[in-house]
Amino acid sequence: MKGKHNKHRENRKRVMRSVDDETAPVLARDGTATAERNAGAYHVPVMLKECCDALITDPNGTYIDGTLGGGGHTAEILRRLDKDGVLFSFDEDAAAIAEAQRRFENELRKSSPQLMLRHENFSFACSIKRDGKPQAQNNIMGILLDLGVSSRQLDTGGIGLSYRVNSHLDMRFGSRDGLPVSELIATTGQGVLEQILRDFGEEPFARAIARRIVDVRRVAPVLTTFDLRAIVEECVPPHLRQQSLSRVFQAFRIAVNNELGVLEETLRGIVPRLAKGGRIVVIAYHSLEDRIVKNVFHECSRRSMPINPDDFDTPEAAREAMIKSTTVEVEPQLKILTKKPLTPSDEELSYNYRARSAKVRIAEKT
Ligand SMILES: C[S@@+](CC[C@H](N)C(=O)[O-])C[C@H]1O[C@@H](n2cnc3c(N)ncnc32)[C@H](O)[C@@H]1O
């Protein structure tokens, strides 16, 4: 037992030495202990070497880290850039931006910093500007999206992302346009609540939980994470509760942040802005996100597509074309570099259990 622990400690030292000393790693395997031990570390970056190796093909290029979080990937990208390289790092969460302003203080104080922080949704990455000029119309060399939430966001409770910490049930990363979860729950019909739990959480107890939410809110509003947790616990047998709680919280988080819509829109929007050879690297943590990445990559890499009758001037012209072939040849925009997604090594999992569901897909602009 002692030997195993020492081995993990050695692994962890070896990996972290080469990477980033400011981000303390995590050793525990169960969620709770991880949260406790992680106190003090903002976030342990996932698959750091693999992602940065794939992302950076030209150290003098323009890069985007769409999900700054604790800045682990941003720090490593910056470390690998040469003097003409530039990095735009986005986060909707004000706390992540504040942390980065502290962490990268020296870099940001330079007369022409290589790092630009953006407190906004990463969908704005499709229209970034450099030196005030409409930048990067076609010259982004790489974008990294490390989806989901940081350990800090989970551990501190803050916006209500964790069922382990009692706080206001909000879950919006930053944008104040949409509703907080407490309001969504107060104003949405049972059928739509059930749909949210099914579509965004794949939750088997969706119907029972939606029904219970509606019963409870007739008596008192569902305002806190523990209010929602109590509802889930009433509907789900004890041995299945933890998974249901994760799925229900995930479902509401995805809904209020329109996470899947934003991801798809950003992937599609960024493709034309990439330079030839530019890379898209996405770390997904659940199948819904991963499916979107896979589908968009697949669509953008295909060499033919079904004929669309609307593209023809007349129905006769469409019919005539479709007699010859039901597909048309198209120029692929992307080349998929990961037939199967990359996953974390055992070594990484030995010090960062939260990386366990990560899947990385990479594509390159043709
Ligand atoms: C998994 S963490 C990123 C961790 C980071 N790679 C690191 O090394 O510390 C995801 C971060 O992305 C942010 N985020 C999620 N969706 C976003 C979006 N659509 N636009 C901007 N930021 C987003 C979250 O606020 C969170 O801080």
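Each chain has its residues counted from 1, following the order in which its sequence is written. The predicted nature of this model means local features are confined to residues of pLDDT at least 70 and side-chain atom pairs, given and counted, to a pLDDT of 80 or more, with totals for whole chains, interfaces and linings taken over all residues.

Peer 1: Break down the overall build of the chain for me, citing the residues and quoting the values.
Peer 2: Every helix listed is a DSSP run of H or I at least four residues long, and every strand listed is a run of E at least two residues long, numbered separately from the N terminus. Of the regular secondary structure elements, the chain holds 16 helices and 9 strands. Three exposure classes are used. Buried residues have 20 or more other C-beta atoms within 10 Å of their own C-beta, exposed residues have 12 or fewer, and partly exposed residues fall in between, all C-beta atoms being placed from the backbone. Within the chain, the fraction of its 366 residues that count as buried is 39%. Think of it this way: build a C-beta for each residue from its backbone, and any pair within 7 Å is a contact. At a minimum sequence separation of 6, the contacts of the chain that also span at least 24 residues come to 69%.

Peer 1: Just give me the short version of the sheet that holds strand E3 (residues 115-118), but keep the residues and values in it.
Peer 2: Pairing is mixed across the open sheet formed by 7 strands, whose spatial order is E3-E2-E1-E4-E5-E9-E8. Only two strands of the sheet have a single partner each, and these edge strands are E3 and strand E8 (334-336). Within this sheet the neighbouring strands show an average axis-to-axis angle of 15°, counted without direction. The strands touched by helix H3 (residues 48-55) are strand E1 (62-65), strand E4 (140-146), strand E5 (274-284) and strand E9 (359-365); relative to E5, the strand with the most contacts, the crossing angle is about 165°. Only strands that DSSP links by at least two bridges are regarded as paired with each other. Only the stretch in contact is used when fitting a helix axis, every axis being a line fitted to C-alpha atoms; angles between N-to-C directions are given from 0 to 180 degrees.

Peer 1: For the packing of helix H13 (residues 259-270) against helix H14 (residues 287-301), give the residues involved together with the corresponding values.
Peer 2: The interhelical angle for the contact between H13 and H14, taken along N-to-C directions, is 25°, at an axis separation of 10 Å. Here H13 lies roughly parallel to H14, going by the angle between them. For the element pair H13 and H14, the recorded crossing hand is right-handed. Facing Leu260, Leu263, Glu264, Leu267 and Arg268 of H13, the residues of H14 in contact are Leu288, Glu289, Ile292, Val293 and Val296. A breakdown of the residues in the contact of H13 with H14 according to their chemical character gives 7 nonpolar, no polar and 3 charged. Every angle not falling under 35 degrees, over 145, or within 65 to 115 is termed oblique; those three ranges are roughly parallel, roughly antiparallel and roughly perpendicular. Here is the rule for handedness: rotate from the far helix to the near one, and if that takes an anticlockwise turn smaller than a right angle the crossing is left-handed, while a clockwise turn gives right-handed. Under the grouping applied here, Gly and all other residues not named as nonpolar or charged are polar, the nonpolar ones being Ala, Val, Leu, Ile, Met, Phe, Trp, Tyr, Cys and Pro and the charged ones Asp, Glu, Lys and Arg.

Peer 1: Describe the pairing of E4, and please don't skip the residues or the numbers.
Peer 2: Two faces, one strand: in a regular strand the side chains alternate between the faces of the sheet. Within E4, 7 of the 7 residues are buried, leaving the element largely enclosed by the surrounding structure. Bridging between E1 and E4 involves 4 bridges; their strand directions are parallel. Counted as the bridge partner of Tyr63 is Gly142 from E4. With 6 bridges joining them, E4 and E5 adopt parallel strand pairing. Pairing of Ile140 across the sheet is with Leu274, part of E5.

Peer 1: Summarise the pairing of strand E2 (residues 86-90); cite the residues concerned and give the values.
Peer 2: Burial analysis of E2 places 5 of its 5 residues in the buried class, the great majority of the element. Pairing between E1 and E2: 4 bridges, direction parallel. Paired with Thr62 across the two strands is Val86, which belongs to E2. Running through helix H4 (residues 72-80), the crossover from E1 to the neighbouring parallel element E2 is right-handed. For E2 and E3, the ladder comprises 4 bridges, and the chain directions are parallel. Assignment of crossover handedness uses the view with strands pointing away from the viewer, where a clockwise path from the first strand over the helix to the second indicates a right-handed crossover.

Peer 1: So what about the nonpolar core? Which residues, and what values?
Peer 2: Core analysis: the largest hydrophobic core is formed by 51 residues, its most contacted members being Cys51, Leu55, Val281, Val282 and Ile283. Among the elements that make up this core, the one with the highest residue count is E5 (6 residues). Excluding residues that lie within four positions of it along the chain, Ile283 makes contacts with Val46, Met47, Cys51, Asp146, Leu147, Ala358 and Val360. By size, the runner-up hydrophobic cluster in this structure holds 30 residues, among which are Val149, Ala206, Leu228 and Leu245. Take the buried Ala, Val, Leu, Ile, Met, Phe, Trp, Tyr and Cys residues, join any whose C-beta atoms are within 7 Å, and the set you get is a nonpolar core.

Peer 1: Can you break down unusual backbone geometry residue by residue, with the values?
Peer 2: Backbone geometry at Met171 places phi at a positive 75°, although glycine is not the residue there. Mapped onto the elements, Met171 comes out in the loop between helix H7 (151-155) and helix H8 (181-187). With a phi close to 45°, Asn258 is a non-glycine residue in the positive phi region.

Peer 1: Report on helix H11 (residues 225-235), specifying residues and quantitative values.
Peer 2: Every buried residue of H11 is listed here: Thr225, Leu228, Ile231 and Val232. Taken end-on, H11 shows its buried residues confined to a sector of 125°, consistent with a single buried face. The inward-facing, buried residues of H11 abut helix H10 (206-219) and helix H12 (241-257). Relevant arc is that of directions from the helix axis to the C-beta atoms, nothing else.

Peer 1: Describe the confidence of the model for the chain, and please don't skip the residues or the numbers.
Peer 2: Confidence scores per residue from the predictor, reported as pLDDT, run from 0 to 100. Per-residue confidence for the chain averages 86 on the pLDDT scale, and 85% of its residues sit at or above 70. Confidence over residues 7-40 falls short of pLDDT 50; this stretch has 55 contacts with residues more than four positions distant or in other chains.

Peer 1: Explain the environment of Leu144 to me, and be specific about the residues and the numbers.
Peer 2: Within the secondary structure layout, Leu144 lies in strand E4. Looking at Leu144, the number of C-beta atoms within 10 Å reads 27, which means it is buried. Separated by 78 residues in the primary sequence, Leu144 and Gly66 have C-alpha atoms spaced 6.0 Å apart. Look past the residues within four positions of Leu144 in its chain and what remains in contact with it is Cys51, Leu55, Asp65, Gly66, His73 and Val281.

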